[in-house]
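# A structural walkthrough
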Amino acid sequence: QLQASGGGLVQAGGSLRLPCAASGLAFSILSVGWFRQAPGKEREFVAAINRSGSSTNYADSVKGRFTISRDNAKNTVYVQMSSLIPEDTAVYYCATPKSSFYSGSTKENDYKYWGQGTLVTVSS
């Protein structure tokens, strides 16, 4: 089971850190991805991290502003969001892929386990 949290209301230019906590999963052997869904839009890829944390990838829209990391001892993956803009407003989800083959995938359909999302609202 995955649970994303840490969302809230923040002003443009501000920062937030979203944790994704896992339970009941062999978390340390799983890669994790973050996705988001803005109102009226399809869910889109944000960032992903491999099981050791040695490899990450980002959507172009967040590159340089967001940082994904993990603490396997705490069964938690984080996305640190900085220089937030109103276009970052969305429900943010974390997910694990169907298998290690899909590690780092940017495609929603390659992910099997999804957590409940957390809402991030960026005001201008």
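A brief report on the enclosed structure follows. (Residues numbered from 1 in each chain as written. Predicted model: local features only at pLDDT ≥ 70, side-chain atom pairs only at ≥ 80, totals over all residues. Heavy atoms only, no water.)

## Here we look at the pairing of strand β9 (residues 90-97)
Of all eight residues in β9, seven are buried; the element is thus mostly enclosed. Bridging between β9 and strand β11 (residues 118-123) involves three bridges; their strand directions are antiparallel. The partner of Y92 across the bridge, within β11, is T118. Where β9 lies against strand β10 (residues 111-114), three bridges are found, and the strand directions are antiparallel. Paired with T96 across the two strands is Y113, which belongs to β10. (Buried < 20%, exposed > 50% of the residue type's maximum accessible area, 1.4 Å probe, protein only. Helix = DSSP H or I, 4+ residues; strand = E, 2+ residues; numbered from the N terminus. Pairing = 2+ DSSP bridges.)

## Side note on the state of the cysteines
Linking two cysteines covalently via their sulfur atoms produces the bond known as a disulfide. For the structure shown, the criterion picks out one disulfide. Linked covalently through their sulfurs, C20 and C94 form a disulfide whose S-S length is 2.1 Å. In this structure the cystine formed by C20 and C94 twists about its S-S bond by roughly 75°; its chirality is therefore right-handed. Of this pair, C20 sits in strand β3 (residues 16-22) while C94 sits in strand β9, placing them 74 residues apart in sequence. Accessibility classification places C20 together with C94 in one group, the buried group. (Disulfide = S-S within 2.5 Å.)

## With respect to the pattern of salt bridges
Considering all chains together, one arrives at five salt bridges under this definition. The partner of R36 in a salt bridge is D88, and the shortest N-O contact between them spans 2.9 Å. Of this pair, R36 sits in strand β4 (residues 32-37) while D88 is found in the loop between β8 (76-81) and β9, placing the two residues 52 residues apart along the sequence. Per residue, the accessibility class of R36 equals that of D88, and both read buried. Ionic pairing is found between E108 and R43, a salt bridge with its closest N-O pair at 2.8 Å. Linking E108 in the loop between β9 and β10 with R43 in the loop between β4 and β5 (44-49), this pair joins segments that are 65 residues apart in sequence. Because the salt bridges share partners, they merge into one network encompassing R36, E44, R65 and D88. (Salt bridge = Lys/Arg side-chain N within 4 Å of Asp/Glu carboxyl O.)

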